[in-house]
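Coordinate inspection notes
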Amino acid sequence: MFGANFTGITATMMTFTLNAEPSLQRKYFDLRERCYRAELGLAEFDGGEDEADRLGDLLIADAGGRCVGGARIVSGDLVPQALPGEIIAFGKSCVWERFSLNPQDRSIELARRFFDELVGASWRLGYEQALMFSSLLNARFYRRCARATGAQFDIVGQLDGSASDAFAGLEHYVSVARWQPATGSLRRAGRNGDGPTSD
């Protein structure tokens, strides 16, 4: 879904907002519906607001009021799948879901910037690691982008029979991104760095 390298706007043109105003959220819901229907072949996928959106936090990127991309951050406690013990034991987990970028704006630069913002937002929300569920192709692309930000990102393995509803039958791998807080900064696993980028 994100493996291609598109050209588009630069990362400096974007503004990232956590829990943006309703009008921008609706643009994100529309974007993710179009992306999931076109790129995953889910013709009946409903991208509109659901209960997980209301319980979680939405990180949205916009350029001049136009939604460039978005993702949902929800507590790991809401994940119904049985997960490997080493993931659960690490620390407080969140899940990055419904990650969508406008096809006309995609680039490696933008994807890396989005992952950097996701790490910062998740850390500020009190999480220590994030899980992602995706195809193996997407997981490898996510790993490439996340590691460029300094975060540790590992593909743990495939989950058999974990998907339900609209996602039944799709390939599902679980990946985990990890970071550690340090005094006055965000120390991502494997590298000491500056604090999270501002919205």
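Position labels on residues start from 1 in each chain and follow its written sequence. A pLDDT threshold of at least 70 governs which residues receive local features in this predicted model, and a stricter bar of 80 or more applies before side-chain atom pairs are shown or counted, although totals over entire chains, interfaces and linings include all residues. Side-chain metrics rest on all non-hydrogen atoms present in the structure, leaving aside hydrogens and water.

With that settled, the discussion passes to the overall build of the chain. In DSSP terms, a helix is any run of H or I states spanning at least four residues, a strand is any run of E spanning at least two, and both are numbered starting from the N terminus. The helix and strand inventory of the chain stands at five helices and eight strands. Only protein chains enter the accessibility calculation, which uses a 1.4 Å probe. A residue is then buried if its area is under 20% of the maximum for its type, exposed if over 50%, and partly exposed in between. A buried classification covers 49% of the 199 residues belonging to the chain. Here, residues are in contact when the closest pair of their heavy atoms is within 4.5 Å. If you take every contact in the chain between residues at least 6 apart in sequence, the share linking residues at least 24 apart comes to 70%. Total accessible area computed for the chain in this model is approximately 9,300 Å², and 47% of it derives from carbon and sulfur atoms. Only the protein chains shown count as cover for residues, and the accessible areas themselves come from Shrake-Rupley with a 1.4 Å probe.

Let us look at the state of the cysteines. Two cysteine sulfurs form what is called a disulfide whenever their separation falls within 2.5 Å. Per the stated rule, a full pass over the model turns up zero disulfides. Cys35 supplies the cysteine sulfur nearest to Cys67, a cysteine that is in no disulfide, at a spacing of 9.0 Å. By relative accessible area, which is 7% here, Cys67 ends up buried.

Turning to the packing of aromatic side chains, a few remarks are in order. In this scheme Phe, Tyr and Trp rings, the latter by its six-membered ring, pair at centre separations within 6.5 Å, and the angle between planes marks the pair as stacked below 30 degrees, edge-to-face above 60, and tilted otherwise. Under the defined criterion, the tally for this structure stands at 10 aromatic pairs. Centroid distance Trp96 to Phe115: 5.8 Å. Interplanar angle 75 degrees. Geometry classified as edge-to-face. Here the residue Trp96 occupies a position in strand E4 (residues 93-101), and Phe115 occupies one in helix H4 (residues 108-124), the gap between them amounting to 19 residues. For the pair Trp96 and Phe115, one class covers both residues: buried. Residues Trp96 and Trp179 carry aromatic rings whose centres are separated by 6.0 Å and whose planes lie at 5 degrees to one another, so their mutual orientation is stacked. With Trp96 in strand E4 and Trp179 in strand E7 (residues 173-182), the pair connects residues that are 83 residues apart, well separated along the chain. By way of ring pairs, the aromatic residues Phe16, Trp96, Phe99, Phe114, Phe115, Tyr142, Phe153 and Trp179 are connected into one cluster.

What follows covers helix H1 (residues 22-39). Helix length check: H1 (18 residues) gives 25 Å between terminal C-alpha atoms against 26 Å at 1.5 Å per residue, within 8%. Contacts made by the buried residues of H1 are with helix H2 (51-55), strand E2 (57-63), strand E3 (66-75) and E4. Downstream of H1 by a residue or two, Gly41 has a phi angle that is positive, lying close to 70 degrees. Every helix has an expected span of 1.5 Å times one less than the residues it contains.

Turning to unusual backbone geometry, a few remarks are in order. In the Ramachandran plot, Asn19 falls in the positive-phi region, its phi being about 60 degrees despite a non-glycine side chain. Locating Asn19 in the fold gives a position in the loop between strand E1 (15-18) and H1. For Asn19, a relative accessible area of 38% corresponds to the partly exposed category. One non-glycine residue, Arg98, adopts positive backbone phi at about 50 degrees. In this fold, Arg98 is placed in strand E4.

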